Amino acid sequence: MKSKLIIIVSIVLIIMGFYSCEDQLDIEQHGVRDVSNFYKTDEQCLEGLAAIYYQIETSWRNNDFFITASLADDAYPGGGARGNDVNLEEMNEFRHNANNGRVSELFVLYYTTIYRCKMLISRTDIENGSSTQKRCVAEAQVIRAFTYLRLVSFFGEVPLIAEELSGDFARPSASLSEIYSQIELDLNNAIASGALLEKENASSQLVNVSKQLAQAVLGKAYVYESTFTNVDKWTEARQALNAVISSGKYELFEGDYLDIFHYGGRFSTESMFETNRLFDSQNLAMDRSLTRLGWRKDRFKPDQLEVTQSTGLTFCANESYGFMNPTRELYKAFEEMEGEDGYRLNQVMISYKQLNEMPLQIGDGNYVYGNAGYFPLKFMTQASERVARNTYATNYMLFRYAEVLLLAAEAELPEHGGSQAKVDEYVNMIKARAGIANQPGNYTLEDIQKEKRLELCFECTRYPDLVRWGIAAQVLADKGKQVPLLYGLYDGSDNSNQKFTDTDGYNISWYETSGTGFQTKHEFLPIPQEELNVNKQISQHEGW
Amino acid sequence: MDYMVNSNAIDQSKFSSWDGTETDWYDVLFEPSPMQQHSISFQNGTNRGSIYASLNYMKNDGIVRGDEDIYKRISGTLNVEYDIKDWLTLSSSNIVTYNNRNQVAENSPYVSAIRPVLSLDPLTPNIYSANNLPSHMQGLVDNGYKLVQDDNGDYFSISDYLAGADDINPNILLYSGSTKSWDHFIQGNTALNLTPIKDLVITSRLGYRLESRNSSAYQSAYYATATRNQDSPSIESTVQSIQYYQLENFLNYTKSIDDHNLVLMAGSSYSSRTSNFVTAGGMGLQFDDELFAYPNYLSTDANSLIHEGDEILNKKLSFYGRLSYDYGNKYMLQASMRADAADLSILPEAKRWGYFPALSLGWTVSNEDWFIQDSKTISSLKLRASWGQNGSTAGLSNFAYSKVIMNDGAYSFDANNPAYISGSVPSSTGNSNLKWETSEQTDFGIDLRLFDNRLTFNTDYYIKKTKDLIVSGTTPTLTIGNTVSPVNAGNVENKGFEFGLGWRDQLGDFKYDISANLATLKNEVTYLDPSIDRIAGFNYNRSTVTAFEKGFPVWYFIGYQVDHIDPATGNPLYVAEDGSLTEAPSSADLTMIGSGIPDITYGLTINLSYKNFDLTVFGQGTQGNEIFSGLTKTDRPQTNRLATYYTNAWTSQNTNAQYARMDYQESYYWQSSAVVFDGSYFKIKQIQLGYNLPDSWLEKIKLSDVRLYTSLDNFFLFTKYPGLDPETSSDSTMGLGVDIGSYPSAKTAVFGLNVTF
């Protein structure tokens, strides 16, 4: 009996001892690699670089585009109805504050790109690295500089984070000159490395950022620094921008202007930096913001939608929400420059009068919110770009040669120490391509401002331009005080509920917002409240 | 209708074509539905062992019309126990289950078949016959759009009034797709009990659960609105197998010497779960028919391909011990300790162990010699005090603490060809200090029985503190550029009283038993890591509507406080941060506008029986909780709203109104106290009347027990909440109390017959 007992107890103890081995808990993680020895080989550096481009491709447009166009006098946020995107409406009406959700989204967006660049730059050993590794680092430097330029032009003073963060993550804001120095340092390093790629000629295509893009961004940074702060970097600006122009690697696109921004003209002769979305049904890197950029088609008479499509116009995508409609002021500026039949105007937008003739009419009793009778074409998601549900092969244009010419024109102004002949040459190149030939020249800063407003509308430059030219308070004094609701063509009828007005022949009910127009503090976006709450070293911009 | 016109959502002219239809969408979608349950069981035993076997069948056709919402379950149970030797017993319980379920989409702000019942306009009928389509639908048909038809060829309506609404005729979803799942489970445990010496029992027990899970979803092409449509069919199928087992070994030693009673227990447990799954699917089938709804029949140009699969392991190891001692059934002491270890996918190795002690003391005053033993008043009195800690890893999974290189997308550096390079980034910031979350509960209680045990009363005061709360998704700084690993961020305190009161008596053949319970709860976040200001919770209408913040209840509703409606304009006036009133609040004015956590929960049970009849009434309720009604989408102004916003709206005749004028458009309003309702309710969950056949009848038909019963479940609800059901109106932990349209608990009438052979 005793012996049996001992046997039993020992068996139990053995079983207990066997499974209580703690190393059973050491589970291995699938599908990941060690971080400490990454960014060491060519393949790893290319993967780190792909992650940077991929993030820009999938997530920049949703905030970068929407916010910068809403802040400027380019667009009404639109959508289905008021409240469809409260954050954008606040910005469009200058009612936004540090708690605005999109302010922090934009902030996070840029710092995410910067983080990815920083990991690649700081962890790759370029001293002993291969040419591929050197190139990956140089491209990351250019993109980091490009991103900091966005940050500093929309947010002003922000934390400058060049090293990897650990422990206490919070950093104070750097001064504008410190940030511009970092931007210029990154770009000069990248250019000097000799590792950046270049196009063979103007018609070859390049997805990667090029040496000329680095020079163009450097020139833009000098122009911005000269106007945003009180330093004179015009000489450096001219030098960098003229290097791009004289390289002959880029030319203004001579095909249909609208194609520059669409699948048809991807990586055109003037494209310097655009995201690469292939027409590939097996790789659906989704960017949901593209579905927001079609028109609000459900407000039109449904039985007319197909009729219009068959007119041959490359038409609007189906799954569309009607955000970002051109402002009445933008249309007026085009009309003043080009007339209502202007080539560029008709490539950038289409009026309801033109649609009405197709015919495409707003359904009875329906209205289009945030629309003054002008529907976008420039960035409107086209039906022909549809790869799959909610997925479109529309690249996001981040930098193109036209901007280089207009920045160079500004830097060449005689008051900045340049040559009037070059100003006229560059501006006339833009005008000629837009179908405005034989202009006298002798252009002033005001002429450049007018040209840039049209040529680069919706391209993230209008708002910082207004601020650095010192005309924001004047131009944006009444912006966002009213939002149009488009009911159709003005036919003299009235509905006491809606208070229709005849606005350029359209039946529009103007909704009065509580906006106050541009105030001094609006020169920059506020530091997000979320950041202020956790970062005790940072302080809010004045006035916010 | 007037509301829609007055709120600018729909123009008056739109209604000129209205034919007078009034559709009750509740009747269209829901129907009284039968539920059947049958079971048969067998039981037998000898002096060496016993056996129990049963077979169950259940079929529940949900309250949504038709077969799209149906649940079937067949299960078999086999339990055995057998004494192999005097000192060795074998026992085993096993259950085999087959489930089959068809589901309806619910609880999503974008896709729900349930919410349209509230939000659709009543002016549109459910169906139109094919030769009598309204022009807007005929136009779509003529242009080749695939509108959804019922079995008779009639078309389900697309509202002309709500063009652009996310909510569409629910039958369009029900008739154009299906979601099914079918699963097999085998679960049970088998144990050996050894008694090598007197007073010592050693148990070795193996628990197991094997699961085979299958699901498939099919959506055919359809068109309803510009935002609700799909131009090619899609499918998704998942096959998953899960093996779980747990091995426990523990010993129990019981010793009594005179008045000293001692129980010692010690043991260990090891569990392992392995889950393998494969999901395949895509958009585009060779032919749009349910017979082709398998990955084999995806068309060659199918896109949005889904091909997923992984093996997920989880393991856990624990050791535990407990000592219980009492002296003369008067003084009781219990002390215990457990050590738990989490696997590497949960916590880093250095922090994997958590140690959790507990201690409780009891004093049965009524067992004291000096206590008046034969008292007619107090039959029993006991005082209790306890303190203890528990550990939790709060649902951590998948190496959230670890910083590794993971994939993020792919990018082609070729402008025209797909030459993708995978993107790689660090997965998170990493947190090698992540540790167990501990909850510490302190409780003081009294148990009292009076009047010969007829009256029972117990009361408790409890404090439950959760320390080192594990929180994911925090932000130490927005400049960090990556996902932040979970941190032990804060402490939460819950405290309150619990009361229970019961009375039980018998008057001849009439027996009755009434009991009630009530608990109070005060919940507060007492500490939050200084690096975190406020943790954002449930997101609705692009805003955070619940938050976790120091000094507030967990996941309180955050929004704007409406002070009153301006009698002059009909605009709401909001309370600003500084206490002044404003028409245009800023985010700084966000404040607590409610909480889904009730102050008081209570329940009531009444059992009555007279001879062979019995009646049970069971109800429960809450007091002091609020509901955030998330039924109004700010981007869809044309959807119907709760009637109260219409009937109590400001008009030029009704200037002292509860709600804003109907054309008020600012979205603050739908994140303000105007959408927060009192969620208190009392619901009679069940009223059951039963009758047991008299023994004299049973003998004649050779049955041992026959019971007939009828019951009304969830039939009576008392609440001020204007939505569907205050009880089910909540979504996830962070969205506690946020109602975005969920399945109401069904009013069920049950007729039952139990027969025992």
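Predicted model, so just to flag it, every value in this text is computed and none were measured.

## Considerations on the overall build of chain B
Secondary structure summary: chain B contains seven helices and 40 strands in total. Among the 757 residues that make up chain B, the fraction classed as buried is 30%. Within chain B, contacts between residues at least 6 apart in sequence are counted, and of these 66% link residues at least 24 apart.

## Notes on the sheet that holds strand 13 (residues 506-512) of chain A
Residue and element names in this part refer to chain A. The four strands lie next to each other as 6-11-13-12, forming an open sheet whose pairing is antiparallel. The outermost strands of the open sheet, each flanked by one partner alone, are strand 6 (368-369) and strand 12 (501-503). Relative to strand 13, strand 11 (residues 482-489) runs antiparallel, the two being bridged by seven bridges. Pairing of Pro484 across the sheet is with Trp510, part of strand 13.

## Some thoughts on the pairing of strand 19 (residues 437-450) of chain B
All names here are of chain B. Pairing geometry for strand 16 (residues 378-392) and strand 19, over 14 bridges, is antiparallel. By the bridge assignment for strand 19, Gly391 is matched with Thr438. Sheet topology note: the strand 19/strand 20 (residues 455-471) ladder contains 13 bridges and is antiparallel. Paired with Glu440 across the strands is Lys465, a residue of strand 20. Between strand 19 and strand 20, which follow one another and run antiparallel, lie four residues, and Phe451 among them has a positive phi close to 50°.

## Quick look at the nonpolar core
Counting 171 residues, the largest nonpolar core has A:Leu120, A:Val142, A:Ala214, A:Val217, A:Leu241 and A:Leu486 as the members making the most contacts within it. Once residues within four sequence positions are removed from consideration, A:Val142 is found in contact with A:Leu187, A:Ala190, A:Val209, A:Leu213, A:Ala214 and A:Val217. Membership of the second largest hydrophobic core comes to 50 residues, among which are B:Phe548, B:Tyr556, B:Ile597 and B:Tyr681.

## Digging into helix 14 (residues 401-411) of chain A
Every α-helix winds through 3.6 residues per turn, so residues three or four apart in the chain are directed the same way. Residue and element names in this part refer to chain A. With 11 of 11 residues buried, helix 14 lies mostly within the body of the structure. Listing the buried residues of helix 14 in full gives Tyr401, Ala402, Glu403, Val404, Leu405, Leu406, Leu407, Ala408, Ala409, Glu410 and Ala411. Looking at the buried positions of helix 14, the neighbouring elements they touch are helix 7 (211-228), helix 8 (234-247), strand 3 (271-274), strand 10 (397-400), helix 15 (420-433) and helix 16 (445-455).

## Side note on the interface of chain B and chain A
Of the residues lining the interface, 83 residues belong to chain B; the matching set on chain A comes to 96 residues. Contributing elements (two or more residues each) for the side of chain B that touches chain A: helix 4 (135-142), strand 8 (200-219), strand 11 (234-257), strand 12 (260-285), strand 13 (298-327), strand 17 (404-412) and strand 18 (420-426) of chain B. Looking at which element gives the most residues to the side of chain B that touches chain A, the answer is strand 17 of chain B, with nine residues.

## Focus: the domain arrangement of chain B
Interface size is commonly expressed as the accessible surface area that is lost when the partners come together. For chain B, the assigned domains read domain 1 (171-257 + 269-315) and domain 2 (539-756). Taking only C-alpha atoms into account, the centre of domain 1 of chain B sits 32 Å from that of domain 2 of chain B.

## Quick notes on the environment of B:Tyr297
All names here are of chain B. Among the structural elements, Tyr297 can be located in the loop between strand 12 and strand 13. What makes Tyr297 partly exposed here is the crowd of 16 C-beta atoms within 10 Å. Taking C-alpha positions, Tyr297 is 30 Å from Thr274, a pair spaced 23 residues apart along the chain. Among all residues touching Tyr297, those that are not within four sequence positions of it are Leu285, Gln286 and Phe292.

## Concerning the environment of B:Tyr52
Residues and elements named next belong to chain B. Structurally, Tyr52 can be placed in strand 2 (residues 49-61). Classification of Tyr52 as partly exposed rests on a count of 15 C-beta atoms within 10 Å. For the pair Tyr52 and Gln561, spaced 509 residues apart in sequence, the C-alpha to C-alpha distance is 60 Å. Ignoring sequence-local partners within four residues, the contact set of Tyr52 consists of Gln43 and Asn79.

## Some words on the pairing of strand 1 (residues 35-45) of chain B
Residues and elements named next belong to chain B. Across the 11 residues of strand 1, zero count as buried, placing the element largely on the outside. Where strand 1 and strand 2 come together, 11 bridges link them in antiparallel fashion. Looking at the pairing, His38 lines up with Tyr57 of strand 2. Between strand 1 and strand 2, which pair antiparallel and follow one another directly, the connecting turn spans three residues.

What counts and how
- Residues numbered from 1 in each chain as written.
- Chains lettered and ligands numbered in written order.
- Predicted model: local features only at pLDDT ≥ 70, side-chain atom pairs only at ≥ 80, totals over all residues.
- Helix = DSSP H or I, 4+ residues; strand = E, 2+ residues; numbered from the N terminus.
- Buried ≥ 20, exposed ≤ 12 C-beta atoms within 10 Å, placed from the backbone.
- Contact = placed C-beta atoms within 7 Å.
- Pairing = 2+ DSSP bridges.
- Core = buried A, V, L, I, M, F, W, Y, C linked by C-beta atoms within 7 Å.
- Domains from an automatic or database assignment.

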